[in-house]
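Letter by letter, the chains look like this.
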Amino acid sequence: MTKVVHHEQIADKIYELTFEGEMVTDMVEPGQFLHIRVGDQYMPLLRRPISICDVDFDRKQCTILYRAEGEGTLLLSQKRKGDRLDVLGPLGNGFPLDTIAEGETAVLIGGGIGVPPLYYLSKKLVERNVRVVHVLGFASKKDAFYADAFEQLGTTAVTTIDGTLGYQGFVTDYMKQEAPAYDVLYSCGPTPMLKAIEEQLNPDRAYFSLEERMGCGIGACFACVCSVKDDPTGHRYRKICSDGPVFPQGVIQL
Amino acid sequence: MSRFDIQLPGLNMKNPIMPASGCFGFGREFSKLYDLSGLGAIAIKATTDEPRFGNPTPRVAETPGGMLNAIGLQNPGLEKVVAEELPFLADYDVPILVNIAGTTTEDYVAVARTVSKAPNVTALELNISCPNVKEGGITFGTDPSVAAELTRAVKEVSEVPVYVKLSPNVADITEIAQAVEAAGADGLAMINTLLGMRIDLKSEKPVIANRTGGLSGPAIKPVAIRMIYEVSQRVSIPIIGMGGITSADDVLEYFLAGASAVAIGTANFVNPFVCPEIITELEERLTEKKIGHISELVGRSWKSCYSPSS
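Residues numbered from 1 in each chain as written. Chains lettered and ligands numbered in written order. Predicted model: local features only at pLDDT ≥ 70, side-chain atom pairs only at ≥ 80, totals over all residues. Heavy atoms only, no water.

Engineer: When you look at the overall build of chain A in this model, what are you seeing that I'm missing?
Structural biologist: When its secondary structure is counted, chain A shows 5 helices and 16 strands. Since a compact globule built from 254 residues should have a radius of gyration of about 18 Å, the 18 Å found for chain A is in line with a globular shape. A principal-axis box enclosing the C-alpha atoms of chain A has dimensions of 50 × 45 × 35 Å. Sequence separation of at least 24 residues holds for 63% of the intrachain contacts in chain A that already meet a minimum separation of 6. In chain A, the 26 positive side-chain charges and the 34 negative ones have mean positions that sit 5 Å from each other. (Helix = DSSP H or I, 4+ residues; strand = E, 2+ residues; numbered from the N terminus. Rg over C-alpha atoms; globule rule 2.2 N^0.38 Å. Contact = heavy atoms within 4.5 Å. Lys, Arg positive; Asp, Glu negative; His and termini not counted. Charge placed at Lys NZ, Arg CZ, Asp CG, Glu CD.)

Engineer: What should I look at first to understand the interface of chain A and chain B in this one?
Structural biologist: Often, the extent of an interface is quoted as the loss of accessible area on bringing the components together. Opposite the 27 residues of chain A that make contact, chain B presents 31 residues. Both faces combined, the contact of chain A with chain B buries some 2500 Å², and carbon together with sulfur accounts for 67% of it. The interface formed by chain A and chain B holds 2 salt bridges in total. With a shortest N-O distance of 3.5 Å, Glu-29 of chain B and Lys-239 of chain A are connected by a salt bridge. Mapped onto the side of chain A that touches chain B, the elements with two or more residues apiece are β14 (225-227) and β15 (237-239) of chain A. Looking at the side of chain A that touches chain B, its residues break down into 15 nonpolar, 5 polar and 7 charged. (Buried area = accessible area lost by both parts, 1.4 Å probe. Salt bridge = Lys/Arg side-chain N within 4 Å of Asp/Glu carboxyl O. Nonpolar A, V, L, I, M, F, W, Y, C, P; charged D, E, K, R; others polar.)

Engineer: Can you help me understand the packing of helix α5 (residues 173-182) of chain B against helix α6 (residues 221-232) of chain B in this one?
Structural biologist: The description of two packed helices rests on the angle between their axes and on the distance between the axes. Residue and element names in this part refer to chain B. The contact between α5 and α6 brings their axes to 9 Å, and the two run at 50°. When the axes of α5 and α6 are compared, the pair comes out oblique. Along this stretch, α5 crosses α6, giving a crossing that reads as right-handed. Side by side, α5 and α6 meet where Ile-173, Thr-174 and Ala-177 of the first sit next to Met-227, Glu-230 and Val-231 of the second. Its residues assigned to classes, the contact of α5 with α6 shows 4 nonpolar, 1 polar and 1 charged. (Axes fitted to C-alpha atoms, helices over the stretch in contact; angles between N-to-C directions. Parallel < 35°, antiparallel > 145°, perpendicular 65-115°, else oblique. Left-handed = near helix turned anticlockwise from the far one by under 90°.)

Engineer: It is not clear to me how the environment of Lys-202 of chain B should be interpreted in this structure. Could you clarify?
Structural biologist: Residue and element names in this part refer to chain B. With respect to the element layout, Lys-202 can be found in the loop between β11 (194-197) and β12 (212-216). For Lys-202, a relative accessible area of 77% puts it in the exposed group. With 29 residues separating them along the chain, Lys-202 and Ile-173 place their C-alpha atoms 37 Å apart. (Buried < 20%, exposed > 50% of the residue type's maximum accessible area, 1.4 Å probe, protein only.)

Engineer: Just checking my understanding: could you explain the packing of helix α7 (residues 248-257) of chain B against helix α9 (residues 274-288) of chain B for this structure?
Structural biologist: Residue and element names in this part refer to chain B. Packing of α7 against α9 leaves a shortest axis separation of 8 Å and a crossing angle of 65°. Judged by the inter-axis angle, α7 sits roughly perpendicular to α9. Seen along the crossing, α7 lies across α9 with a hand that is right-handed. Contact with α7, carried on its side by Ala-248, Asp-249, Val-251 and Leu-252, involves Ile-278, Glu-281, Leu-282, Arg-285 and Leu-286 of α9 and no other residues of that element.

Engineer: What am I meant to see in the pairing of strand β13 (residues 206-209) of chain A here?
Structural biologist: Side-chain direction in a regular strand flips from residue to residue, so the side chains alternate between the two faces of the sheet. Residue and element names in this part refer to chain A. Taking every second residue as pointing to the same face, both faces of β13 are buried, with Ala-206 and Phe-208 on one and Tyr-207 and Ser-209 on the other. Direction of pairing for strand β12 (residues 184-188) relative to β13: parallel, over a ladder of 4 bridges. Bridge pairing links Cys-188 to Ser-209 in β13. With respect to chirality, the unit in which β12 leads through helix α5 (residues 191-201) into the neighbouring parallel β13 is right-handed. For β13 and strand β16 (residues 246-248), the ladder comprises 3 bridges, and the chain directions are antiparallel. (Pairing = 2+ DSSP bridges. Right-handed = clockwise from strand over helix to strand, strands pointing away.)

Engineer: Explain empty space enclosed by the protein here, please?
Structural biologist: Empty space among the atoms becomes apparent when a probe as large as a water molecule is rolled across them. In this structure the tally under the stated criterion is 2 cavities of 30 Å³ or more. Each pocket or cavity is described by its volume, and for the largest cavity that value is around 500 Å³. In terms of lining residues, the largest cavity is bounded by 36 residues, among which Ser-21, Cys-23, Asn-69, Asn-192 and Thr-193 of chain B are the most central. Taken as a whole, the second largest cavity encloses approximately 30 Å³ of empty space. As for the second largest cavity, its lining consists of Glu-198, Phe-208, Leu-210, Phe-247, Pro-248, Gln-249, Gly-250, Val-251, Ile-252 and Leu-254 of chain A. Partitioning the lining of the second largest cavity into residue classes produces 7 nonpolar, 2 polar and 1 charged. (1 Å grid on protein atoms, 1.4 Å probe; cavity = no way out; pocket = protein on both sides within 12 Å on 5 of 7 lines; lining within 4 Å. Points joined across faces, edges and corners; volume = space filled by probe spheres on them.)

Engineer: I would appreciate a short explanation of helix α2 (residues 116-127) of chain A in the present structure.
Structural biologist: One turn of the α-helix equals 3.6 residues, which is why residues spaced by three or four share an orientation. Residues and elements named next belong to chain A. Here α2 contains 12 residues, and its C-alpha end-to-end distance of 18 Å stays within 8% of the 16 Å for a straight helix at 1.5 Å per residue. Across the 12 residues that make up α2, a large majority, 9, are buried. Three or more residues of α2 are buried, namely Pro-116, Pro-117, Leu-118, Tyr-119, Tyr-120, Leu-121, Ser-122, Lys-124 and Leu-125. Phi turns positive one or two residues past the end of α2, at Asn-129, with a value near 60°. (Expected span 1.5 Å × (residues − 1).)

Engineer: Help me understand unusual backbone geometry in this model?
Structural biologist: Phi is mostly negative for residues that are not glycine, and the peptide bonds are mostly trans. The omega torsion across Gly-89 of chain A and Pro-90 of chain A is 0°, close enough to zero to call that bond cis. Within the secondary structure, Pro-90 of chain A sits in strand β7 (residues 84-91). In this structure, the amide linkage connecting Thr-57 of chain B to the following residue, Pro-58 of chain B, adopts the cis form with an omega of -5°. If you check the backbone angles, Phe-222 of chain A has positive phi at about 65° while not being a glycine. Counting through the fold element by element, Phe-222 of chain A comes out in the loop between β13 and β14.

Engineer: Would you take a moment to explain the sheet that holds strand β5 (residues 54-56) of chain A for this structure?
Structural biologist: Think of a sheet as strands paired side by side through backbone hydrogen bonds, with each pair either parallel or antiparallel. Residues and elements named next belong to chain A. Across the sheet, which stays open at both edges, the 7 strands sit in the order β4-β3-β7-β1-β2-β6-β5 with antiparallel pairing between neighbours. Each of the sheet's edge strands pairs with one partner strand only, and the pair in question is β4 (48-51) and β5. For this sheet, the mean angle separating the axes of adjacent strands, direction not counted, is 35°. Sheet analysis places strand β1 (residues 2-11) next to strand β2 (residues 14-20), joined by 7 bridges and oriented antiparallel. Its bridge partner being in β2, Val-4 is matched across the sheet by Phe-19. Most of the contacts of α2 go to β5, to which it runs at about 50°, and overall it touches β4, β5 and β6 (61-67).

This is the structure:
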């Protein structure tokens with residue numbers, strides 16, 4: 001059990017929650033997620049998978065960002081400082097850090113509520129002397145968050161679909177037009193965005209973090225499976241919760 | 001002597017708690033969290049003759065006090081289960097109940113014949129109640145004579161006792177229960193999920209890709225209790241009760257209804273430590289309530305009141 005130490009709204013429907021607990025010491029891998037029980041009752045029943053946005057090992061604190069939109073996340077948004085929070089995790093496999101060398105450049109592309117795990121990833125990459133470039137896509141200015149925080153770590157471009165902030169268009173439009181040079185691409189966001197990145201940018205080295213409705217979050221229930229590419233039998237699959245949520249490009253049929 | 005060791009056909013249990021099939025995979029994930037030898041038994045995920053990928057996603061949706069699922073019996077197939085999954089579980093001192101499924105009688109028979117020979121398999125759970133596959137599954141579980149015929153065919157080849165897992169999606173569950181008992185079933189497992197659906201207001205389409213799914217969780221507990229109450233008065237074989245159990249008190253309620261052991265399903269997704277927690281809590285409740293042995297409670301809700309009405 002952990003304790004909420006900070007909770008505030010930082011953009012339209014977007015909340016930043018920091019909790020404190022011993023379990024935080026295990027959160028060494030960016031891209032892993034937490035399975036959070038939003039209430040004490042059985043409505044809603046299931047936990048909510050939410051990515052790790054930042055970790056402070058000295059204070060044993062972890063920060064998550066989430067969009068309060070459904071029944072579960074709206075209930076989570078009611079939590080106050082001092083409340084107990086039932087957190088399971090860290091779960092899944094995060095972004096591999098050893099696949100990029102010191103001095104190389106990483107481009108981190110986030111879409112909407114897929115942006116948060118990239119913050120912790122960026123911090124870890126910077127620690128390893130990797131140059132980081134961020135491209136953060138949002139629907140509109142009111143939905144945007146953490147642009148300044150990312151700016152502290154490396155060059156940061158914001159794109160909005162309606163053009164109310166930064167570059168107007170999708171992250172893929174920006175990437176094609178501005179064409180920042182990079183060695184490895186890391187991305188998290190809606191599956192159509194990941195698919196567009198894979199098809200339109202065709203990166204050599206890339207890692208995608210996927211999302212899906214989950215049941216158990218530990219690989220037992222088979223709710224969040226996805227198909228693998230080039231699978232003539234139709235029987236091969238990966239579980240997003242326990243095999244992912246991060247996969248190298250080319251593995252999953254996006 | 002423990003207050004809650006249970007001896008059922010093929011299941012020599014240290015306590016009456018087992019994880020339900022489909023909610024525990026093949027045990028690997030949970031083995032990283034706690035010692036599986038502490039469980040009363042383990043019901044592993046449905047096994048079919050050939051590997052199955054299952055249904056498209058989304059496969060789950062929440063509902064008030066419950067969830068719908070339409071996984072579609074995803075499993076690596078008989079060969080892999082026998083070669084990889086069962087040997088893994090052999091390291092634990094716990095009886096294994098293998099849930100078997102298929103499309104045809106021949107499929108069920110083939111799986112039963114092979115899997116019942118595996119050294120650590122102590123019982124089979126005949127899945128004639130999965131609502132999420134187009135063929136087989138529930139089609140075997142809604143007609144008493146079809147269910148009985150399948151039970152007989154599987155009993156003929158199985159080297160271990162056979163429990164039949166019943167579907168609640170029938171007009172009269174006692175009829176099916178009595179039919180499979182007469183066909184030689186060693187026990188019953190009840191209930192499987194209730195067929196349900198949720199429609200998304202934005203897309204105006206069913207939330208689950210399979211359209212319908214099986215409802216589980218606390219929402220279905222009263223249905224299961226009622227059915228076990230009815231069935232336990234009509235059959236003499238033991239019943240493994242399941243449906244929405246989240247606490248030791250729920251376990252006691254199932255015993256009072258007529259169950260002789262219970263399975264915990266959906267609650268494993270909410271709290272992966274729920275099985276060991278309930279085992280500990282149950283022992284405390286039995287002490288508190290001064291119950292010598294939990295089996296004293298079986299069917300007490302009807303035994304002490306009146307004889308079954310016809």
